[in-house]
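Residue strings, one per chain:
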Amino acid sequence: MTFGPLVTTDWLAREGNTADLVLFDASTYLPNEGKNGREEYLKAHIPGARFFDIDAFSDPDTPLPHTLPSQGRFARLAGAEGVGNDTRVVVYDQKGLFSAARAWWLFRYFGHQNVAVLDGGLPKWLAEQRATETGEPAAAQERSFQVNVHARKVRGLGDVLEAIERDDTLILDARAANRFDGSTAEARPGVASGHIPGSQNLPYSRLLRSDHTLQPAETLRTLFSAAGVDGNKPVITSCGSGVTAAVLLLGMEVAGLPEGALYDGSWTEWGSRADTPKATGVV
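Residues numbered from 1 in each chain as written. Predicted model: local features only at pLDDT ≥ 70, side-chain atom pairs only at ≥ 80, totals over all residues. Heavy atoms only, no water.

Trainee: It is not clear to me how the UniProt feature "domain: Rhodanese" (unreviewed entry) in the protein should be interpreted in this structure. Could you clarify?
Mentor: Within the UniProt annotation, "domain: Rhodanese" (unreviewed entry) is assigned to residues 17-134 and 165-279. Along residues 17-134 one finds 29% helix and 14% strand; the C-alpha atoms at either end are 17 Å apart. Spanning residues 165-279, this segment combines 29% helix with 11% strand, and its end C-alpha atoms are found 14 Å apart. (UniProt positions renumbered as here; feature names shortened; annotations may be inferred. Helix = DSSP H or I, 4+ residues; strand = E, 2+ residues; numbered from the N terminus.)

Trainee: Help me out: how do you make sense of the pattern of salt bridges in this one?
Mentor: When their charged atoms lie close together, side chains carrying opposite charge are able to pair. In total, this model carries 21 salt bridges according to the counting rule given. With a shortest N-O distance of 2.8 Å, Arg143 and Asp86 are connected by a salt bridge. Taken together, the positions of Arg143 in the loop between helix 5 (121-127) and strand 6 (154-155) and Asp86 in the loop between helix 3 (71-80) and strand 4 (88-92) put the pair 57 residues apart, joining distant regions of the chain. Lys124 is the partner of Glu128 in a salt bridge, and the nearest nitrogen-oxygen pair spans 2.5 Å. Classification of Glu128 as partly exposed rests on a relative accessible area of 31%. The structure contains a network of salt bridges with shared partners spanning Asp10, Lys124, Glu128 and Arg130. (Salt bridge = Lys/Arg side-chain N within 4 Å of Asp/Glu carboxyl O. Buried < 20%, exposed > 50% of the residue type's maximum accessible area, 1.4 Å probe, protein only.)

Trainee: Help me understand the domain arrangement of the protein, please; the structure alone is not making it clear to me.
Mentor: Interface size, as often reported, equals the accessible area lost upon joining of the parts. Here the protein is described as being made up of domain 1 (6-149) and domain 2 (152-272). Placing the centre of domain 1 and that of domain 2 at their C-alpha centroids yields a distance of 22 Å. Each partner contributes to the interface: domain 1 provides 24 residues, whereas domain 2 provides 25 residues. Buried area between domain 1 and domain 2, summed over both chains or domains, comes out near 2,300 Å², and the portion from carbon and sulfur atoms is 68%. Counting the surface domain 1 buries against domain 2, the share from its top three residues, Leu97, Phe98 and Trp105, is 24%. Taken together, domain 1 and domain 2 are joined by two salt bridges. Note that Arg108 and Glu253 form a salt bridge whose closest N and O atoms lie 3.1 Å from each other. Where domain 1 meets domain 2, there are eight residue pairs in polar contact (both at pLDDT 80 or more). Of all elements in the fold, only helix 4 (100-109) and helix 5 reach the threshold of two or more residues within the side of domain 1 that touches domain 2. Per element, the largest residue contribution to the side of domain 1 that touches domain 2 is six residues, and it comes from helix 4. (Domains from an automatic or database assignment. Contact = heavy atoms within 4.5 Å. Buried area = accessible area lost by both parts, 1.4 Å probe. Polar contact = N/O pair within 3.5 Å; in protein donor to acceptor, adjacent residues only side chain to side chain.)

In structure tokens:
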């Protein structure tokens, strides 16, 4: 039986010790934040959580950050962490909701439906004065994980170029407004400022409440509608490096909207190329 896409801290407190559940801290940080997800995990994590290294669960043979790994790599790494095809997986991150959705999307892309995001993440867990632990977890019992790729969940550079030429798809950018309009420089060297021409901006942070939980479904539908998501055009989400674009996809699912796809290279790929059109300013 599938569950999710969200679970609450109360649910995790009840279910966290069950044998068929694997909990992951999937935290990562932007290059200019000066933090390391694994190091912060070792300082404090939810009891029983393992670290989901988004950089490891990526393609090591491309200069782009966080792009999809091969089927074999994902299967090997997931199995080594104790995930089998019948395992329930819960992911969270240290910001509340930033990178956990990327791990959620990866599992879904590789065919694992039994995956959910902890609503509010570590900040909500800590605010409720729940227990944490430190250090490395015990070694996982390795399991076999068989992938079943859902290719419709991802788009590449060529797909996005075709989409903006035909104007039949909505490109939705999850970055902050000042990055989208080009008024601030990108953190990664060699990446231009601005956005994909014709795209719309819906910063992922607008989908969150003050306690880092997702807005209710009705509010999410209003936010997406204002950004042009009406169910008539397919949606491709983008961001800096394919991380917070997954927050928009999670929000769309919670809102009951048609499934979107993620542009995996996102702005790091688009903004670093000389042959891609770029726009600046407010749409």
